[in-house]
Each structure stands twice: as C-alpha cells, then as structure tokens.
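Single-letter residue listing:
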Number of protein chains: 2
Amino acid sequence: MINSSSERLVSKLREWISTAPTGAQLPSTRQLVADYELSPVTVQKALRTLITQGIIESRPGIGTFVRSIPVTRPNDYGWQTAALGATRNHLPQVHPSQRVLPNDVIALHSGYPDRELLPQRLVKSAFARVARTESVLLRTEPAGLPELQAWFASELNEHLLPGLSAPTARDVVILPGSQSGLGSIFRALVGEGEPMLIESPTYWGAIMAAAQVGVSLVPVPTGPNGPDTDELDRALERTGARAFYAHPNFANPTGAQWSPLVSERVLEIVKARGAFLIEDDWAKDFGISTESSPMAARDDTGHVVYLRSLTKSVSPAVRVAGLIARGPARDRILADNQAQSMYVSGPLQAVALDVVTQPGWGTHLRSLRQQLTNRRDQLINALHRHVPEAHLQSVPPGGLNLWVQLPDGTNLRQLEQDCETRKLAIAAGGSWFPAEESGQFLRLNYSGPNPGAFDEGARILGEALRSQYG
Amino acid sequence: MINSSSERLVSKLREWISTAPTGAQLPSTRQLVADYELSPVTVQKALRTLITQGIIESRPGIGTFVRSIPVTRPNDYGWQTAALGATRNHLPQVHPSQRVLPNDVIALHSGYPDRELLPQRLVKSAFARVARTESVLLRTEPAGLPELQAWFASELNEHLLPGLSAPTARDVVILPGSQSGLGSIFRALVGEGEPMLIESPTYWGAIMAAAQVGVSLVPVPTGPNGPDTDELDRALERTGARAFYAHPNFANPTGAQWSPLVSERVLEIVKARGAFLIEDDWAKDFGISTESSPMAARDDTGHVVYLRSLTKSVSPAVRVAGLIARGPARDRILADNQAQSMYVSGPLQAVALDVVTQPGWGTHLRSLRQQLTNRRDQLINALHRHVPEAHLQSVPPGGLNLWVQLPDGTNLRQLEQDCETRKLAIAAGGSWFPAEESGQFLRLNYSGPNPGAFDEGARILGEALRSQYG
C-alpha cells in the first residue's frame, strides 16, 4: 500500500520517531536528502505529511521536532451543539465487536473469521486476474454484474422446492455489502416510524440499521428451534407490521437453525398476514453439522426477501452481497440502494464471482466446515473445563459463535474489563438485544485467530467470573 | 471476469444463441462435451446457468431450446401493493444519465468522463500492485486507511488560508463513494422532515439522496458567480434551516465558480446563522481556466463540511471519497456511515492512494486540463455553428458540462426522443432542479467518448430542435 518514495520516507521517519523522545529534533531536510538519497521535494512532502498527521511540528528558522503537546489551538465547535440538536437515533461510534486488537490479545469478541479460514489463495489469484481486466476502468449497471446476479440466483435454486418457479438473475440485486442492504430493505419495505418484527436476540448490525432508518422494532423471542410462532402471529396482528427480520439458519448470535415445522409455520403466518420475511442468510457458507436451508427456496410468492453476503466467507475486503426479491419489492429496494450508493465497484464483483466459480471454492468450503467443527468443539470443551457456570443452550449446528448464559447477577461490563486487562476480548450480549436483555449473555466467536489459545481464554474467563463472587 | 470453464461455455453458447432463431434446439449435452472438450458436470452447470438466466429452456426427454416465450407462470405479487403502501419518496429506478448506451450513440447525456480521460495506466498498475498485498484479505478501520485520510487532509491544506488551523487526518472519514456520503451527511446534519437549503439547479444525485433521507429542500437560485446571498440569508432566517448544500467550484450542472466576494459573504452568513455549508467539491480535479478553491480551506470553525470524490477522476471502479468535517459533526457522520456501510474495502482505498501519490498523477492532471479545454471549446463551437438558439450563460471555468438554455416552449421530452432516434443522447435539465425548472435547459457533457462526433451531435440537436418549430 506504500509506494511513492515520500510515503516510504514517512514510514521510515515514523519508525525513527517512535523511539525518539518528545521534543527531539529531526535531521535537517538537507541531511535527510543525503541520508535517504531523495530529492528535496520528496523530503518536504514527507515532512508535510507528518505535520498534517500531527506527529511532528515545524518551528520556522529553527527546525522540525517530534511533537510534545497538540499545537493547534483548541477550536470551539460549541455552535454545532445547537445546529445538530439531540441525536435522532443511537448509533455507536464504533461497535466493540468491530475493534481491531493487538496480536497478543485472545480475540473472542469479533464477528469476522480469521484469515486462515478464508480462501486466501483463491482471493489473491482472483484479485491478480481481475487487476488485468478492463473492469478496473468501468462503471457497472446499478443492479450488478449479470453473471454474478445469475450465480446468486442459481445458488438459491439448488435448494428450490419442486414445483416452485425459480428466481432469475433479474430478481437479484448486487449490493456493496449486507449492511447497506439492510438499510435499503428496511427503508424500502418498512420506513421511518413503522413497526418491524425482529428476532431477539439478533445481529447488532441489523438493530443499528433499523435505528438509522428509524424503524420501530418489535422483538419476537427466538430459541434453538426458531421463533415463538404464536407470539409472531400475535405481534403481526397487534402491530400491523408488514415485515419480520430473521436468521432462519445459524442465527447470529445463537447459531440456531429453525426446525422444518417452525419454518413451515412462519411462512404460513407471513403469507396470511400479507407480510415480508426478510431472511438474512449471513452464514450460508458456515454450516457445520447441517447445511443452510434457505426459506427463500420454499417460496415463490415474493413473501421472502433474501440477503446473502460474501464478505465473511470470501474476504472482508470484498464488500459484496446479493439480494433476491421478487415483485415490486425488488424495484423499491434497488431504487433505494441506488440513491444510497449508485452501483457496486465492478472489480470487487468480478473478484467475488471469480472466487466462487473456481473449482477450489468447493474444496475450501469442505475444509472450512472441518475447521469450524474443530474450533467450535475446542471452545465448548474449554468452557466445560474452565467455566462450568456458563450455560450453552444447545450446540450450534453452524455459524461462528457460541452464545452462553452466565449466572444472574453477573456484572458483564466488569467482566469485559477484567478479561481485557488479562488480554482476553469477549463481547457482552447486550447489543444483540433489540430491547432489554433476557439474561446475562456472552457471544464468543470461535472463528478468530489462534484457536490454540481457546483453553487459556476460557481459563481467564472463569477466573474473572469467579472473582465477582469472591 | 470470466474464468471457470462453465462460464466460458456460457459465454460461447450465448454467442451461438444470439444468432439462432427462437425455439432452435441446442446440441445435446453429449455433443457439447465432445465439441468443447469439457466434463458433463461443467456442461450441465453452463446449461443450468442459461436456464436460470431465462435464455434457454429444458424439455425433459426432448432437449434444450432457445426460449420463445417466458416459461415461468406469471406470479401474482399483488399482495405487495398493500404491504408496501404508497411510495414514501420519489426515487428514479435508474436515472437517465446513468444509462450505458451502445457505441454508435453520440453520448452527451452521461456524467462520467470517458476512459481516455482517466489515468488508465496508473489505475491498472495500482490494481496490480495492490492485488499482491495483504490488504485483499483484511478489514479496515471504519474511518478509513490512515495514509489516505492524511492525503485528503494535506490536499485541502494546500489551499488553507494563512492563520487558520489545519484539518488533520483524524478529521477525515473515507466513504464508499460520495453518494453514500451525501446520504450520511444529510441524515446526520439535517434529518427527516427538516429543511435544507440547496442551490438550484444542482446535482440530481444530491436531490435524490435528500429525497431518500426525507429532507425538505429549500431551493436557492444560483448563477455564474454563485448563489443569491440575500436570498440565502432570508431563506436561512425564514426556514430555520441549519445546512446549505452547494458546489462552490465548477458546479454540476452549470460549471459556475463562486466569486471571491460571494464566497466570503456565504461564509459570513452561515456563521451568523449557526449553519453548515456542505461543500461538494466534486470537480476538484476538473479545473480548466482556474483551479478549484475550496471553501473548507477558508474556515476552521467547523462550519464547512467538505466532500471530495475520487470516483470521477481516478476510475468509476474506485468507489472512494473523502469527507472532512470538524467537531461533533464529523462523529455524527461517521456513525451514520458505519451504520450504512460498516467500512470501505481496503484494496479500493489502497488503489486510490497509490494512484494519487504517483508522480504520474500530476502529469495526468495537467494533460487532463488540456483535453477538457479542447473538448469544452469544441462543443461550444459546434453549438454556435449548429444550434444558434442554444444560450450558454457563461463559458464554464471547469467541470465536465455545458448548461444551455433553449427557447421557451421547447418540448424537452420530445427533443430527447427525437435526438435518441437519431443516435444522439442528451439530458433534459429537469432532474437538476429541486423544484420546478426555471426554463428549458439541457446538460451536455463534453467529457464523454469520441469528441470528434461533437459537431455531428450538435447538427442533430439543431435539426431536432428546429423540427419542433416547423
């Protein structure tokens, strides 16, 4: 990522500065020109960059110094308080699970699989191939690359129940990641101030997207076999909501998969109530003991709107997702996403298509399943050994996480802090609840780096937990 | 973009089908296996793809045929009418200026520069370099790559008025394109149902983003020297609006640049009224007779929120923009954009940074200026010659477009159609007005493909126009 000679000098000087005391004087421009064999223009440019970054300061006529205190006078942005008004929704600045932590921390907090679980070789060769194509200079259609649309449709069609009409490439919209899709779906199908049912617990990113749109969330309790369907029906009737957001397969955070009976019943209910089921098949590629069985493959009446991301299974650098929706719903969502992002970068779409159509993709998915099985079981065993207080309602048949309940009265915030002091990052369950938490939960990700440290992580967790009970 | 052998077969069969009559029978699978030396699995996969695409149909036991009529039974999505309700805002399905047209059409309608105006060599080598880095497997921080943040800050600092404190890398947020930035800025600083001032005419994408957010637009008339500042002040007072969206440099569509006097006055007004100036510096790299002179470089009080896209000047495949905002406004916008898109693909950010830090970037910008000068003047001359009825208020000092007024009573919709029949694509001015049009305008883009056809394009336009007056 660093290519120009001035960027290289910036990086060398930063290294030097990191070991220099505050206030230390940098070598003169002339000296740097001689030392690094660069032009004065290049050296000046590097110094300007470091000044802009607030790392060094120039005292004219004297020299350049490692900054001691912030030199800019403090600005008064107080007037913005009135102009901005109260916050209209509660969006976190950066969600805790998004933090990138130092390597020596045992990271069970994140939602992204470690790179050793990614198809690294396929992604690299796809980028190299796509870099040589004209796609790097071209704009794409708002709905996406036709070949990638067709791939998403054909993937769903592999699960299609006999007798149903198949979704076509035209029913697919390519999105710049599923987060962008959630916003567009909620705006297009629900809208500000309108009610939407949502599983509880569920993905914090969906709760955040709903908050951004201003959707009014109606939580429906969900368990190892899926949501409480009586409650679902009552809530649709009572609120008049026309949409239900859910993870029928390998839910985030619980890993649960809906039973065939629940699946059937949910479909009956949304049809009877004239509502949409918004199916977020985020873990399509993360089946462990079963396969994902999309609800969208059981319906051709346009009641199921289907979202599948490739960011987690191909690469976090490939922000590409596919939406499948039929009827006017699809057009509404496409129009909204165009207003939000115009179109998706062609090379990223081409990389995604390249990876998932290589013969190596199937091989990768098979090896991934084996790795996830081992990691899940390793973490479960470690918890059994070191945290007997942690209750796992059921062994998840897929996904990337364990959702464990701790004894009532556990102070989760304290626990998070105590663990982090001991170099273990965990995620308190609160953000996965659209309303109050139904208990004290942790989400523990078993797809992070270094599964060899799971046992040590569980030991730290157990210790920190028991320190609360003195 | 086409890599697997089944994808290659799909593309070959599509070629064959394009010349085959409807209903023609395809060779048998066995025949295709022999002809193309592929495995039966690969051939079957290709055929399934074509079936999914609705191009061929399989009649079991008989064979595979080029489709005549849609084979899926028509689905009834009528129930969605009630579930979706009336549209909440008016978003175009695909804006006319976004259409990708056949090569034989003279294209003056689009908003994107032709690839011959892009730094093609730099973009290709940047993609090739970035493809070899680990960035293709990594997630980035929500605010973006620190080096790219620093570059956006240093670019603005080159224009900074003496005595002002400089924005730092921390004030910069990297966005997945400026469209996504507009939505986030409008939501974070204005909000649904709240008023926002906007130049009229202005960029249709901003009008669309405002419609999506539900912002209530208050048009302020603008001319060759900038907006009517008395009207601006009155409108802020009257509506209580706290934001004004504008293009101080090389406005889309007019190409106008605010005079120093107007710039000074606008800044005084927004400060006195406690409002934000949202500066969309979309044409930073498209100066012709002058340079872009950002308003954000005249202010360190957080009143100017600055947006600069690289999509038009680097490559339409590189969906990357930089936002510079100070104070809590920056945090609000970042939180909103995270809720909307999480983070921007690292490789795209790395490509953008690579291109703009190459020595060749400066050379490219100088040659681009010369090309834009020639193209602008060529189109102006062609209009003088063939369309004397077209009035150009002033020669734009930068940007990519001419904004010409036609005689009152011109039927623009008819004109667009008549031109398109004669293989000329133009853009009627209506979409650039937040409310009613103040006259009959056309936006003509001089950065499209084949400037050699400008004269012929103007000839067609003149003919079609005069045919309306019999």
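For every chain, the first residue of the written sequence is number 1, and numbering continues from 1 onward in sequence order. For this description, chains carry letters from A and ligands carry numbers from 1, given in the order in which they are written. Given that this is a predicted model, residues contribute local features only at a pLDDT of at least 70 and side-chain atom pairs are listed and counted only at 80 or more, while totals for whole chains, interfaces and linings are drawn from all residues. To obtain the side-chain values, all non-hydrogen atoms of the structure were included, while hydrogens and water were left out.

**Thoughts on the overall build of chain A**
In step 1: Across its full length, chain A holds 15 helices and 16 strands.
In step 2: Taking 23 Å as the expected radius of gyration for a compact globule of 470 residues, we find that chain A reaches 25 Å, a close match to that expectation.
In step 3: Projected onto the principal axes, the alpha-carbon positions of chain A cover approximately 80 × 65 × 55 Å.
In step 4: Partly exposed residues are those whose accessible area sits between 20% and 50% of the maximum for their type, while under 20% is buried and over 50% is exposed, using a 1.4 Å probe and protein chains only. Expressed as a percentage of its 470 residues, the buried residues of chain A come to 61%.
In step 5: Excluding contacts between residues fewer than 6 apart, the proportion of contacts in chain A whose partners are at least 24 apart in sequence is 75%.
In step 6: Note that accessible areas follow from Shrake-Rupley with a 1.4 Å probe, and for residues the cover is restricted to the protein chains shown. Summing over all exposed atoms, chain A offers an accessible surface of approximately 17700 Å²; the carbon and sulfur share of this is 51%. Put simply, DSSP H or I for four residues or longer makes a helix, DSSP E for two residues or longer makes a strand, and each gets a number counted from the N terminus. The size measure is the radius of gyration over C-alpha atoms, and the globule rule it meets is 2.2 Å times the number of residues to the 0.38 power. Any two residues whose heavy atoms approach within 4.5 Å are treated as being in contact.

**Brief notes about the domain arrangement of chain A**
Interfaces are often sized by the accessible area lost when the parts come together.
In step 1: Considered domain by domain, chain A is made up of domain 1 (4-66), domain 2 (96-118 + 362-467) and domain 3 (133-357).
In step 2: Domain start and stop points were drawn from an automatic or database domain assignment. Using C-alpha coordinates to define each centre, domain 1 of chain A is positioned 43 Å away from domain 2 of chain A.

**Re helix α6 (residues 146-157) of chain B**
In step 1: Helices are assigned an expected span. That span is 1.5 Å times one less than the residue count. An ideal rise of 1.5 Å per residue puts 16 Å on 12 residues; α6 of chain B measures up with 16 Å between its terminal C-alpha atoms.
In step 2: When you tally the buried positions in α6 of chain B, you get nine out of 12 residues, the bulk of the element.
In step 3: Every buried residue of α6 of chain B is listed here: Leu148, Gln149, Ala150, Trp151, Phe152, Ala153, Glu155, Leu156 and Asn157 of chain B.
In step 4: Where α6 of chain B is buried, its residues touch α3 (40-52) of chain A together with β4 (172-175), β10 (304-309), β11 (321-324) and α12 (346-356) of chain B.

**Looking at the relation of the copies chain B and chain A**
In step 1: Of the transformation placing chain B onto chain A, the axial shift is 0.0 Å and the rotation is 180°, giving an RMSD of 0.1 Å. Seen this way, the second copy is the image of the first under a two-fold rotation axis. In terms of proximity to the rotation axis, the leading residue of chain B is Ala128 of chain B, whose C-alpha is 3.2 Å off the axis.
In step 2: A share of 100% of interface residues in chain B that are also interface residues in chain A marks the association as one of identical surfaces. Residues reaching a pLDDT of at least 70 in both copies supply the C-alpha atoms on which the copies are superposed by least squares.

**Digging into empty space enclosed by the protein**
In step 1: Residues are called lining when one of their atoms sits within 4 Å of a cavity or pocket point, these points coming from a 1 Å grid over the protein atoms alone, where a cavity is a set in which a 1.4 Å probe fits but cannot get out and a pocket is an open set with protein on both sides within 12 Å along at least five of seven lines. Grid points are joined across faces, edges and corners, and a volume is the space filled by probe spheres set on the points. With the rule as written, the count across this model stands at 10 cavities of 30 Å³ or more.
In step 2: Computed from the structure, the largest cavity encloses a volume of approximately 220 Å³.
In step 3: Taken together, 18 residues make up the lining of the largest cavity; nearest its centre are Pro176, Arg319 and Ser341 of chain A together with Pro176 and Arg319 of chain B.
In step 4: Listed by contribution, the elements that provide at least two residues to the lining of the largest cavity are α11 (328-341) of chain A together with α11 (328-341) of chain B.

**Notes on the packing of helix α2 (residues 29-36) of chain A against α3 of chain A**
Residue and element names in this part refer to chain A.
In step 1: Only the stretch in contact is used when a helix axis is fitted, and all axes are lines through C-alpha atoms; the angle between N-to-C directions ranges over 0 to 180 degrees. Look at α2 against α3: their axes get within 9 Å of each other, and the N-to-C directions meet at 115°. Taken as axis vectors, α2 and α3 run roughly perpendicular relative to one another. The handedness of the crossing between α2 and α3 comes out as right-handed. On the side of α2, the interface is formed by Thr29, Leu32 and Val33, while α3 contributes Pro40, Val43, Gln44 and Leu47.
In step 2: Each residue gets one of three labels, nonpolar for Ala, Val, Leu, Ile, Met, Phe, Trp, Tyr, Cys and Pro, charged for Asp, Glu, Lys and Arg, and polar for the others, Gly among them. The residue inventory of the contact of α2 with α3, partitioned by class, reads five nonpolar, two polar and no charged. To sort the angles, those under 35 degrees are grouped as roughly parallel, those over 145 as roughly antiparallel, those from 65 to 115 as roughly perpendicular, and the leftovers as oblique. Two helices that cross are described as forming a left-handed crossing if the nearer one is turned anticlockwise from the farther one by less than a right angle, and a right-handed crossing if clockwise.

**Considering the interface of chain B and chain A**
In step 1: Facing 111 residues of chain B, the contacting portion of chain A comprises 112 residues.
In step 2: Here's the idea: put two parts together, see how much 1.4 Å probe accessible area each one loses, and the total over both is what we call buried area. Here chain B and chain A share an interface that buries about 9700 Å² over both sides, 56% of which is from carbon and sulfur atoms.
In step 3: Salt bridge, as used here: a side-chain nitrogen of Lys or Arg that lies within 4 Å of a carboxyl oxygen of Asp or Glu. If you look at where chain B meets chain A, you find four salt bridges.
In step 4: For Glu134 of chain A, the salt bridge is made with Arg115 of chain B, and the minimal N-O distance between the two is 2.2 Å.
In step 5: Counted as a polar contact is a pair of N or O atoms within 3.5 Å, where, for protein atoms, one must be capable of donating a hydrogen and the other of accepting one, and residues adjacent in sequence contribute only when both atoms are in side chains. Taken together, chain B and chain A are joined by 33 residue pairs in polar contact (both at pLDDT 80 or more).
In step 6: Breaking the side of chain B that touches chain A down by element, the ones donating at least two residues are α3 (40-52), α4 (79-84), α5 (120-131), α6, α7 (178-189), α8 (204-213), α11 and α12 of chain B.
In step 7: When grouped by side-chain class, the residues that make up the side of chain B that touches chain A number 50 nonpolar, 40 polar and 21 charged.

**Here we look at the sheet that holds strand β8 (residues 243-246) of chain B**
Whether parallel or antiparallel, the strands of a sheet pair through hydrogen bonds between backbone atoms.
All names here are of chain B.
In step 1: Taking strand neighbours across the sheet as the criterion, the eight strands line up as β4-β11-β10-β9-β8-β5-β6-β7 in an open arrangement whose pairing is mixed. The two strands at the open ends of the sheet, each matched to only one other strand, are β4 and β7 (226-227).
In step 2: When strand β6 (residues 216-223) meets β7, the two strands line up antiparallel, connected through two bridges. Looking across to β7, one finds that Gly223 is bridged to Gly226. A pair of strands is treated as paired once DSSP finds two or more bridges between them.

**Description of the environment of Asp104 of chain B**
Residues and elements named next belong to chain B.
In step 1: Along the chain, Asp104 turns up in the loop between α4 and β3 (106-107).
In step 2: With relative accessibility at 47%, the residue Asp104 sits in the partly exposed group.
In step 3: Considering only alpha carbons, one finds Asp104 and Ala390, 286 residues apart in sequence, at a separation of 25 Å.
In step 4: Within the local environment of Asp104, its side chain forms a polar contact with the side chain of Lys423, the two groups lying 3.0 Å apart.

**Some remarks on the sheet that holds strand β6 (residues 216-223) of chain A**
Residues and elements named next belong to chain A.
In step 1: Reading across the sheet, the eight strands line up as β4-β11-β10-β9-β8-β5-β6-β7 and stay open at both edges, with mixed pairing between neighbours. Either end of the sheet is taken by a strand with one partner, and the two such strands are β4 (172-175) and β7 (226-227).
In step 2: Pairing between strand β5 (residues 195-200) and β6: six bridges, direction parallel. Of the residues in β6, the one forming a bridge with Glu199 is Val220.
In step 3: Contacts from helix α6 (residues 146-157) reach β4, β10 (304-309) and β11 (321-324), with the element oriented near 115° to β4.

**Notes on the packing of aromatic side chains**
In step 1: Between rings of Phe, Tyr and Trp, where Trp is taken as its six-membered ring, a pair exists when centres lie within 6.5 Å; planes separated by under 30 degrees are stacked, by over 60 edge-to-face, and by other angles tilted. Enumeration according to the criterion identifies 22 aromatic pairs over all chains in this entry.
In step 2: Here the aromatic rings of Phe244 of chain A and Trp258 of chain A are separated by 6.3 Å at their centres, their planes lie at 10°, and the arrangement is stacked. With a gap of 14 residues between them, Phe244 of chain A in strand β8 (residues 243-246) and Trp258 of chain A in the loop between β8 and α10 (260-272) connect regions that are remote in the sequence.
In step 3: For Phe244 of chain A, a relative accessible area of 0% puts it in the buried group.
In step 4: Its relative accessible area of 6% is what places Trp258 of chain A among the buried residues.
In step 5: Ring centres 4.8 Å apart and planes at 5° place the aromatic pair Trp403 of chain B and Phe441 of chain B in the stacked group. One end of the pair, Trp403 of chain B, is in strand β13 (residues 401-406); the other, Phe441 of chain B, is in strand β16 (residues 440-445), and 38 residues separate them in sequence.
In step 6: Aromatic rings pair up to connect Trp403, Trp432, Phe433 and Phe441 of chain A into one cluster.

**A short note on unusual backbone geometry**
In step 1: Here the bond from Ser200 of chain B into Pro201 of chain B is cis, since omega is 5°, no more than 30 degrees from zero.
In step 2: In this fold, Pro201 of chain B is placed in the loop between β5 (195-200) and α8.
In step 3: Of the consecutive residues Asn252 of chain B and Pro253 of chain B, the connecting peptide bond is found in the cis state with omega at 15°.
In step 4: Note on placement: Pro253 of chain B falls in the loop between β8 and α10 (260-272).
In step 5: One non-glycine residue, Met342 of chain A, adopts positive backbone phi at about 65°.
In step 6: Not every positive phi belongs to a glycine, and Asn450 of chain A is a case in point at roughly 60°.
In step 7: In this fold, Asn450 of chain A is placed in the loop between β16 (440-445) and α15 (454-467).

**Some remarks on the pairing of β6 of chain B**
In step 1: Look down the strands so they point away from you; if going from the first strand over the helix to the second traces a clockwise path, that crossover is right-handed. This β-α-β element, β5 of chain B to α8 of chain B to β6 of chain B, shows right-handed connectivity.
In step 2: The hairpin formed by β6 of chain B and β7 of chain B contains two residues between the paired strands.

**Here's the deal with the side chain of Asn337 of chain A**
Residue and element names in this part refer to chain A.
In step 1: Mapped onto the fold, Asn337 is located in helix α11.
In step 2: Under the relative-accessibility criterion, Asn337 is labelled buried at 5%.
In step 3: Here Ser180 takes part through its side chain, which lies 3.0 Å from a polar atom of the side chain of Asn337.

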